[in-house]
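# Reading the structure
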Amino acid sequence: MEPHYYNVDVNWNKDRKGVMCSPELIRDANTCIEVATPPEFPKGMPGIWSPEHLFTASVSSCLMTTFLAIAENSKLEFSTFSCKSKGTLERVEGKFVMSEILLEPSVTIRDEKDREKTERILQKSEAACLISNSIKSKITMVPTILVN
């Protein structure tokens, strides 16, 4: 496979805030994201996506998209997928690092007989996630499988 490229442009507005867009996506208010320093830091801003949120979101959304592909290829019947995630930022050896991402995916399946298959697909999805495989953070997954 040839390399793929994903372009992102960030432009500072004022204070500790800017706007992030991608030239590959339609540029309008719905595809650009306002980004800022998180409120835990000096002059940080609450209520705006931060790099720390986006880092955590990239791992979580990668798990979802990988799960969707593997579940489809495995012909898994499920009715819902959601994932709560929590990124841990801490100082290690004098530097701030995102040390761990906790993923809590929840999948609702139609039949109890698919529980083990779903567990395997979730584990494969976490192992195959290209974002998780590209970072140094510890990834912990605690799945929940419901039957409906």
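Okay, so let's go over this structure. (Residues numbered from 1 in each chain as written. Predicted model: local features only at pLDDT ≥ 70, side-chain atom pairs only at ≥ 80, totals over all residues. Heavy atoms only, no water.)

This part is about helix H2 (residues 115-128). The end-to-end C-alpha distance of H2 is 20 Å, a good match for the 20 Å that 14 residues give at a rise of 1.5 Å each. Of all the positions in H2, only Thr118, Ile121, Leu122, Ser125 and Glu126 are classed as buried. Considered in projection along H2, the buried side chains sweep an arc of 135° and stay on one side of the axis. With respect to the buried face of H2, the exposed residues turned more than 90 degrees away are Glu116 and Lys124. Contacts made by the buried residues of H2 are with helix H1 (51-73), strand S4 (78-92), strand S5 (95-109), strand S6 (138-141) and strand S7 (144-147). (Helix = DSSP H or I, 4+ residues; strand = E, 2+ residues; numbered from the N terminus. Expected span 1.5 Å × (residues − 1). Buried < 20%, exposed > 50% of the residue type's maximum accessible area, 1.4 Å probe, protein only. Arc of directions from axis to C-beta. Contact = heavy atoms within 4.5 Å.)

Secondary-structure assignment places Ser50 in the loop between strand S3 (33-36) and H1. A distance of 2.7 Å separates polar atoms of two side chains, one belonging to Ser50 and the other to His53. Residue contacts for Ser50: discarding those within four places in its chain leaves Ala36 and Pro38. (Polar contact = N/O pair within 3.5 Å; in protein donor to acceptor, adjacent residues only side chain to side chain.)

We now examine the state of the cysteines. Going through the model one piece at a time under the given rule, you end up with 2 disulfides. In this model, Cys62 is linked to Cys129 through a disulfide, with the two sulfur atoms separated by 2.4 Å. Around the S-S axis, the bridge from Cys62 to Cys129 shows a dihedral of about 140° and counts as right-handed. One end of the pair, Cys62, is in helix H1; the other, Cys129, is in the loop between H2 and S6, and 67 residues separate them in sequence. Residue Cys62 shares its accessibility class with Cys129, and that shared class is buried. No disulfide involves Cys83; its sulfur sits 10 Å from the nearest other cysteine sulfur, which is in Cys129. Assessed through its relative accessible area of 22%, Cys83 is described here as partly exposed. (Disulfide = S-S within 2.5 Å.)

Mapped onto the elements, Met141 comes out in strand S6. Once you skip the residues sitting within four places of it in the chain, Met141 turns out to touch Leu63, Leu103, Pro105, Leu122, Gln123 and Glu126.

Moving on, we come to the environment of Ile121. With respect to the helices, strands and loops of the structure, Ile121 is situated in helix H2. Measuring from C-alpha to C-alpha, the distance between Ile121 and Ile131 comes to 17 Å, with 10 residues separating the pair along the chain. Beyond its immediate stretch of four places on either side in the chain, Ile121 contacts Phe67, Ile70, Ala71, Ser74 and Leu76.

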